[in-house]
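Survey of secondary and tertiary structure
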There are 2 protein chains.
Amino acid sequence: MSFGEIDKLAVSTIRLLAVDQISKANSGHPGAPMGMAPAAHVLFSQMRMNPHNPDWVNRDRFVLSNGHAVALLYSMLHLTGYDFSIEDLKQFRQLGSKCPGHPEFELPGVEVTTGPLGQGISNAVGLAIAQANLAATYNKPGFTLSDNYTYVFLGDGCLEEGISSEASSLAGHLKLGNLICVYDDNKITIDGQTAVSFDEDVAKRYEAYGWEVLHVENGNEDLNAIAQAIAQAKKSTDKPTLIKMTTTIGYGSLNAGSHAVHGSPLKPEDVKQLKQKWGFNPDKSFVVPQEVYDFYQAKILNPGVAAEKEWNALFASYQQKYPELGAQLARRLAGKLPEGWEKVLPTYTPADSAVATRKLSEFVLDKIYDELPELMGGSADLTPSNLTRAKDAEDFQPPASGLGTYAGRYVRYGIREHAMGAIMNGISAYGAHYKVYSGTFLNFVSYAAGAVRLSALSGHPVIWVATHDSIGVGEDGPTHEPIETLAHFRALPNIHVWRPADGNETSAAYKVAVESTSTPSIIALTRQNLPQLEGSSVEKATKGGYVLQDVANPDIVLAATGSEVSLSVDAAKILATKGIKARVVSMPDFFAFDKQSEEYKLSVLPDGVPILSVEVLTSFGWGKYAHQSFGLNRFGASGPAPKVFKYFDFVPEGVVARAEKTIAFYKGKDLISPVRSAF
Amino acid sequence: MSFGEIDKLAVSTIRLLAVDQISKANSGHPGAPMGMAPAAHVLFSQMRMNPHNPDWVNRDRFVLSNGHAVALLYSMLHLTGYDFSIEDLKQFRQLGSKCPGHPEFELPGVEVTTGPLGQGISNAVGLAIAQANLAATYNKPGFTLSDNYTYVFLGDGCLEEGISSEASSLAGHLKLGNLICVYDDNKITIDGQTAVSFDEDVAKRYEAYGWEVLHVENGNEDLNAIAQAIAQAKKSTDKPTLIKMTTTIGYGSLNAGSHAVHGSPLKPEDVKQLKQKWGFNPDKSFVVPQEVYDFYQAKILNPGVAAEKEWNALFASYQQKYPELGAQLARRLAGKLPEGWEKVLPTYTPADSAVATRKLSEFVLDKIYDELPELMGGSADLTPSNLTRAKDAEDFQPPASGLGTYAGRYVRYGIREHAMGAIMNGISAYGAHYKVYSGTFLNFVSYAAGAVRLSALSGHPVIWVATHDSIGVGEDGPTHEPIETLAHFRALPNIHVWRPADGNETSAAYKVAVESTSTPSIIALTRQNLPQLEGSSVEKATKGGYVLQDVANPDIVLAATGSEVSLSVDAAKILATKGIKARVVSMPDFFAFDKQSEEYKLSVLPDGVPILSVEVLTSFGWGKYAHQSFGLNRFGASGPAPKVFKYFDFVPEGVVARAEKTIAFYKGKDLISPVRSAF
């Protein structure tokens, strides 16, 4: 590429559009957009994308990991022809606008939601994994269906966050040459100079991870150097690349180079002098010279539209030549599961033997692995404990490693839960109907809380296989025994949090999770064996809560999940011998239950009967369903699991005693079901 | 040091004690203890500690970051004279024993609870910071009161976790020469060879962080090399040191070098051959040759007892020569706050102006900073937003940086929330009454969930200053607006989760947090201004919940926290104009409230009146106090904060409408207070 006046003008336009958005909103972060505008211009000018169809599968992906620089992204999306008008930009950071304060996944041209630092670069590793897998699975000689790059902008904050270390180390191991990151080395964070806390040698650290590291010394102005670095990065096919680009935060501003320009709008006189300096009318805002529009149309929009057209033709002839693979990919691109896929899900009767739900989960994975080529699994180094690797699975590994291939669908994430969560989000966000699941101990899903939150916020339907879900962990003790974990995730909007009680419920959890298009799932599973229950079924369990075992005119309802369902069944038997009638309700997923009609919910948790929840986790949150709760509102203990359960009185007699007290307590009282809402 | 037969015997004894513990428990991780026994022997042989007084402030600290190797630690603690008998070791991993499945902080000789990977090394950075600060604050010529080292053992898992990257980068920046880490480079994790996911150049990465990196090639046997590396590390006074020690996991076992020895007991015949090979009776277990006891007594126990005695004498004369500092340190070592410290806490009346609670928090910090020399603050790069830096504060920085000194008490953590949490735990665990607080946005405390959990489990009374606590964040939008965060931490045992409504409640939160000896605190604070409330007081707020504004025979109770308390007060005024009597309850901290008597709780949340909670966060968990909840069970939105509040109907009229519906709904019903417990 060679650069001239039009490029300079375009860069100034980008900078001023960002500044104007922030000034109009009187809120935002001008510093990074001003520093990174040249990189955005050069990068976008050579990216392959069709702004008229932001979902085209073989587009290059762009991730703004320093999401607070979003005004830069909206500028680029507007200029290159995405569905962002100047009027949209004027609504920056206003309620209900198309230009919220950080990039959000559902917007056209936004690949992933960013803002929480370190997530974007880690999502990008997932986007790159998905591309490598798609290419290895479907590309054929003469049919390069997939060869897109994933580009990332990131700042110091992203590099300081541990999640980016995890993801970057893995990306180096996986030799993801399709991943190119531009690090805005502007030496400023909110606290001032990065020197106050961050003076590591970033280049050396990334070399240690196995990355190619390049340096652009003048990112403010040297478009050629930026272009050369990107070209060089693309040549590095077996290493991801970090381009360390030195810039001046708030380049052009009177406060350039200081943290004063990081997160506050520029002063009006500062904006004025910028516009004057760059040949714009200082009294006008949101100005785009026509030649800049024309330039981007010629350089990006037109070639992008043409590229997709060409790709569509290629894919059409691919479908002729490779009818099976072609149909499979076409199905995936249409976002559809194979017809009848769910028929392979195992079902059980009480005659079947007691099995740990983590093992029941493995049975499901073994069954669906071949059925769903879009399924990508993995584990944070607990494969033999999480039981997440289907028996036919191949590892996703660089071919040269001899450990697998890029067509493999099992990722060895290492002990990196947070990056695993973000990478799952990235794979899911790639499209092509990728369905992602990964395993760790339930307790360590908390390490990934930041990524799980973004799964829920963005609606990535990823699946956490979260084993060792209670004090049933036993000897490993309180550091490994979840107490608050399910409450934490149940409190998060838009996420299924399953705790199946047996095989049918485990199959139900997977059925809902796999069919979900915009809701992630956590499936909490036991280490210890559980019996197959009388009264469970896949269909009933998908409702999130149901009457497992009923009795006419119950004296009490026992509402339980997971391992405490069979415990409650045993307690109900003892209660029956005492003439006390107990209904047993299984509540495997609050989120699914909450979506049922009030009528249905009342049919499960009725008025007039005391409801006692039984769950060997915090009782926090059960007040929405139960009048009284038998839980574990303290940390667990180290010891053989059955002894630990007994110590905390989670035995049938312990449930019976509390049921009796609950009945006595509410005797003669007019009870209203907690599921009733007054408004 | 020179090594001979006794050292070899000691190493074999350590290995076999670990193996025997695990075999007897039939549970545990033999691989790492067997590989690291030589390092443990050499390290402990030169450590300064008094096993008879594990709390002596100037002891060297030892952190087992790979906490699953705990059998190694129990072996060492037994052999060196800590209060761990052979009988205790025989109870390894049994319920109620002194030898639980992972190291727990409350045990003698255990500096921090470990097991969740990456925490220990990060705690150790905190221990090293505390030492540097203590030395810089109290050491005088001829009076080296503090000069201990912090030693860490860690494995691949700790290095893969992002938290260790964060902490290690900061440790390099801070030039913590008192920190010495031994990395067990055994090339094995649970999934098999580390090559499946972890082939970065660890040494190079740590050099990039500014660490000294040494290599011991034969950690299985070469005691001299280990000793030399430790000696060399101690000479590196302005860099932390990583000793990369290559070992064989499960050294000596028939399965040595394979992941089969990582997490399962050795087979009986394997144990037998080990004992035979090392000259022990294959039919006996838990055998310690007397000469090994004698060796450790001479090498560690006796010198340790003498060292503390000497130190006590030194400190006595220090107190003579530096009466003020001496008395201060003596007070701190006694674990006491300065008499009447709480008198400096600001109090307010409704005549005082409306102020954001984050600003009210700053007022508190400004007041207590000079009062409490044990206070160490910091922020994850949000100082100007969190308002966490007291106006007299000096930064904790290496003196050569010119940015502060080690006597400074404000840590610039960088954008590293998880490490910040773990480092706070470490500083707190150091002793000398360190009181630690740090700031970030409430939403990003979730990044540190793993560390917060350990604060609560271990009882480190650290303080999170968690600002921007709701949709009041405004323009930054849903990625920065907490919804589930308070519920998450309220569900965790043993943690105060404050959301003060005004200045008096903010002072109350700090009062309880600072006086706490074994419970951490999160203080959630607003970005936006809140009025000073009629009816609030420090004393009432410390109860966690109280009647703020009362009325005879209320028709409804509005229970709220933080910014929704003044909203509820406004709603109550409107309700009064409609002839509806509303009591307003402020509930700044569930944990403190739950500790009150049932009588007190019923005096606040009585029978017979409908209780409506009002909090602009998830309503999850409010069922324990309220019959109905007005909350925000979805993600937030980007826009100016007042508009976002209005959009979600969190305005007085919105509360009024729901209050009226709640009253109508329960009309004529016999209501029981949710705080009543049946058992």
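An unreviewed UniProt entry annotates chain A as Transketolase originating from Maudiozyma humilis. Quoted verbatim from the Catalytic activity (unreviewed entry) field of UniProt, the annotation for chain A is "D-sedoheptulose 7-phosphate + D-glyceraldehyde 3-phosphate = aldehydo-D-ribose 5-phosphate + D-xylulose 5-phosphate". Reading the Subunit (unreviewed entry) entry of the UniProt record for chain A gives the comment "Homodimer."

**A closer look at the overall build of chain A**
Looking only at helices and strands, chain A features 25 helices and 20 strands. In terms of C-alpha radius of gyration, chain A reaches 28 Å, essentially the compact-globule figure of 26 Å for 679 residues. Principal-axis analysis of the C-alpha atoms gives chain A an extent of 90 × 60 × 45 Å. When each of the 679 residues of chain A is scored for burial, the buried share is 69%. Across chain A, every contact between residues at least 6 apart in sequence was considered, and the portion connecting residues at least 24 apart equals 77%. For chain A, the exposed surface amounts to about 20500 Å²; the carbon and sulfur share of it is 49%. Side chains of chain A give 61 positive and 73 negative charges; the mean places of these two sets differ by 2 Å.

**Digging into the state of the cysteines**
Residues and elements named next belong to chain A. Within the structure shown, the criterion is met by zero disulfides over all chains. You can see cysteine 181 has no disulfide; the closest cysteine sulfur is in cysteine 158, sitting 9.8 Å from it. According to the relative accessible area criterion, cysteine 181 is buried, its value standing at 0%.

**Concerning the UniProt feature "binding site: Mg(2+)" (unreviewed entry) in chain A**
Residues and elements named next belong to chain A. On the UniProt side, "binding site: Mg(2+)" (unreviewed entry) is annotated at positions that read Asp156, Asn186 and Ile188 here. Taken together, the annotated residues stretch across 33 residues yet fold into one region, lying no more than 7.9 Å apart by C-alpha. Topologically, aspartate 156 is positioned in helix H6 (residues 156–160). Beyond its immediate sequence surroundings of up to four residues, aspartate 156 is in contact with Tyr183, Asp184, Asp185, Asn186, Lys187, Ile188, Thr189, Thr194 and Phe198.

**Observations concerning the domain arrangement of chain A**
Domain boundaries assigned for chain A yield domain 1 (5–306), domain 2 (341–530) and domain 3 (545–666). Between the C-alpha centres of domain 1 of chain A and domain 3 of chain A the distance comes to 52 Å.

**What about helix H15 (residues 417–430) of chain B?**
With 14 residues, H15 of chain B should cover 20 Å at 1.5 Å per step; its first-to-last C-alpha distance of 20 Å lies within 8% of that length. Looking one or two residues past H15 of chain B, glycine 431 of chain B carries a phi angle of roughly 100 degrees, positive in sign.

**A few points about the packing of aromatic side chains**
One pair of aromatic rings is described through two measures. These are the centre distance and the angle between the planes. Residue and element names in this part refer to chain B. Enumeration according to the criterion identifies 55 aromatic pairs over all chains in this entry. Relative to phenylalanine 92, the ring of tyrosine 74 lies with its centre 6.0 Å away and its plane at 75 degrees, an arrangement referred to as edge-to-face. In this pair, tyrosine 74 is assigned in helix H3 (residues 70–80) and phenylalanine 92 in the loop between helix H4 (86–90) and helix H5 (119–138), connecting sequence segments 18 residues apart. Here phenylalanine 92 falls in the buried class, since its relative accessible area comes to 2%.

**So, the confidence of the model for chain A**
Scored by pLDDT, chain A has a mean of 97; 100% of the residues are at 70 or more. Across the whole predicted complex the pTM is 0.98, and at the interface the ipTM reaches 0.98.

**Examining the relation of the copies chain B and chain A**
Rotating chain B by 180 degrees and moving it 0.0 Å along the rotation axis overlays it on chain A with an RMSD of 0.0 Å. These values place the two chain copies in the arrangement generated by a two-fold rotation axis. A share of 100% of interface residues in chain B that are also interface residues in chain A marks the association as one of identical surfaces.

**Topic: the UniProt feature "domain: Transketolase-like pyrimidine-binding" (unreviewed entry) in chain A**
UniProt's entry tags residues 355–532 of chain A with the feature "domain: Transketolase-like pyrimidine-binding" (unreviewed entry), counted in the numbering of this structure. End C-alpha to end C-alpha, residues 355–532 of chain A measures 8 Å, and it is 37% helix and 18% strand.

**Focus on the sheet that holds strand E3 (residues 179–185) of chain A**
All names here are of chain A. Strand order in the open sheet formed by five strands is E1-E2-E3-E7-E6, with parallel pairing between adjacent strands. The sheet is open, and its two edges are formed by strand E1 (61–64) and strand E6 (212–216), each paired on a single side. Averaged over all pairs of adjacent strands, the angle between strand axes in this sheet comes to 20 degrees, irrespective of strand direction. By the bridge criterion, five bridges tie E6 to strand E7 (residues 241–246) in an arrangement that is parallel. Bridge assignment links valine 213 to a residue of E7, and that residue is leucine 242. Of the strands in this sheet, E1, strand E2 (150–154), E3 and E7 are in contact with helix H2 (residues 31–46), which crosses E2 at around 170 degrees.

**With respect to unusual backbone geometry**
Residue and element names in this part refer to chain A. Positioned with a positive phi, lysine 175 is a non-glycine residue whose angle comes to about 55 degrees. Backbone geometry at phenylalanine 286 places phi at a positive 55 degrees, although glycine is not the residue there. Overall, the relative accessible area of 10% leaves phenylalanine 286 in the buried class.

**Re the interface of chain B and chain A**
On the side of chain A, 110 residues touch chain B, which itself brings 110 residues to the contact. Buried surface at the junction of chain B and chain A, summed over both partners, amounts to about 9200 Å²; 61% is from carbon and sulfur atoms. One can count eight salt bridges joining chain B with chain A. Close ionic contact of glutamate 207 of chain A with lysine 204 of chain B constitutes a salt bridge, the shortest N to O distance being 3.2 Å. For the side of chain B that touches chain A, the per-class residue count stands at 43 nonpolar, 37 polar and 30 charged.

**Here's the deal with the packing of helix H5 (residues 119–138) of chain A against helix H15 (residues 417–430) of chain A**
Residues and elements named next belong to chain A. Between H5 and H15, whose axes approach to 6 Å, the crossing angle comes to 55 degrees. In terms of axis orientation, H5 runs oblique to H15. Where H5 crosses over H15, the handedness of that crossing is right-handed. Seen from H5, the contacting residues are Gln119, Ser122, Asn123, Val125, Gly126, Leu127, Ile129, Ala130, Gln131 and Leu134; seen from H15, they are His418, Ala422, Ile423, Asn425, Gly426, Ile427, Ala429 and Tyr430. Its residues assigned to classes, the contact of H5 with H15 shows ten nonpolar, eight polar and no charged.

**Thoughts on the environment of glycine 439 of chain A**
Residues and elements named next belong to chain A. Mapping glycine 439 onto the fold places it in strand E11 (residues 435–441). Distance from glycine 439 to serine 385, taken between C-alpha atoms, is 9.0 Å for residues 54 residues apart in sequence. In contact with glycine 439, not counting residues within four places along its chain, are Gly378, Ser379, Ala380, Asn386, Thr388, Met420 and Val465.

**Looking at the pairing of strand E7 (residues 241–246) of chain B**
Residue and element names in this part refer to chain B. With six bridges joining them, strand E3 (residues 179–185) and E7 adopt parallel strand pairing. Each residue of the ladder has a partner; that of cysteine 181, found in E7, is leucine 242. Traced from strand E6 (residues 212–216) through helix H9 (residues 223–235) to E7, the parallel crossover comes out right-handed.

**What about the environment of alanine 208 of chain B?**
Residues and elements named next belong to chain B. Within the fold, alanine 208 resides in helix H8 (residues 202–208). The exposure class of alanine 208 is buried, given its relative accessible area of 5%. Along the backbone, alanine 208 and glycine 172 are 36 residues apart, and their C-alpha atoms lie at a distance of 8.8 Å.

Rules behind the numbers
- Residues numbered from 1 in each chain as written.
- Chains lettered and ligands numbered in written order.
- Predicted model: local features only at pLDDT ≥ 70, side-chain atom pairs only at ≥ 80, totals over all residues.
- Heavy atoms only, no water.
- UniProt positions renumbered as here; feature names shortened; annotations may be inferred.
- Helix = DSSP H or I, 4+ residues; strand = E, 2+ residues; numbered from the N terminus.
- Rg over C-alpha atoms; globule rule 2.2 N^0.38 Å.
- Buried < 20%, exposed > 50% of the residue type's maximum accessible area, 1.4 Å probe, protein only.
- Contact = heavy atoms within 4.5 Å.
- Areas by Shrake-Rupley, 256 points an atom, 1.4 Å probe, with all protein chains shown as cover.
- Lys, Arg positive; Asp, Glu negative; His and termini not counted.
- Charge placed at Lys NZ, Arg CZ, Asp CG, Glu CD.
- Disulfide = S-S within 2.5 Å.
- Domains from an automatic or database assignment.
- Expected span 1.5 Å × (residues − 1).
- Phe/Tyr/Trp six-rings, centres within 6.5 Å; stacked < 30°, edge-to-face > 60°.
- pLDDT = per-residue confidence, 0-100.
- Least-squares fit on C-alpha atoms with pLDDT ≥ 70 in both.
- Pairing = 2+ DSSP bridges.
- Axes fitted to C-alpha atoms, helices over the stretch in contact; angles between N-to-C directions.
- Buried area = accessible area lost by both parts, 1.4 Å probe.
- Salt bridge = Lys/Arg side-chain N within 4 Å of Asp/Glu carboxyl O.
- Nonpolar A, V, L, I, M, F, W, Y, C, P; charged D, E, K, R; others polar.
- Parallel < 35°, antiparallel > 145°, perpendicular 65-115°, else oblique.
- Left-handed = near helix turned anticlockwise from the far one by under 90°.
- Right-handed = clockwise from strand over helix to strand, strands pointing away.

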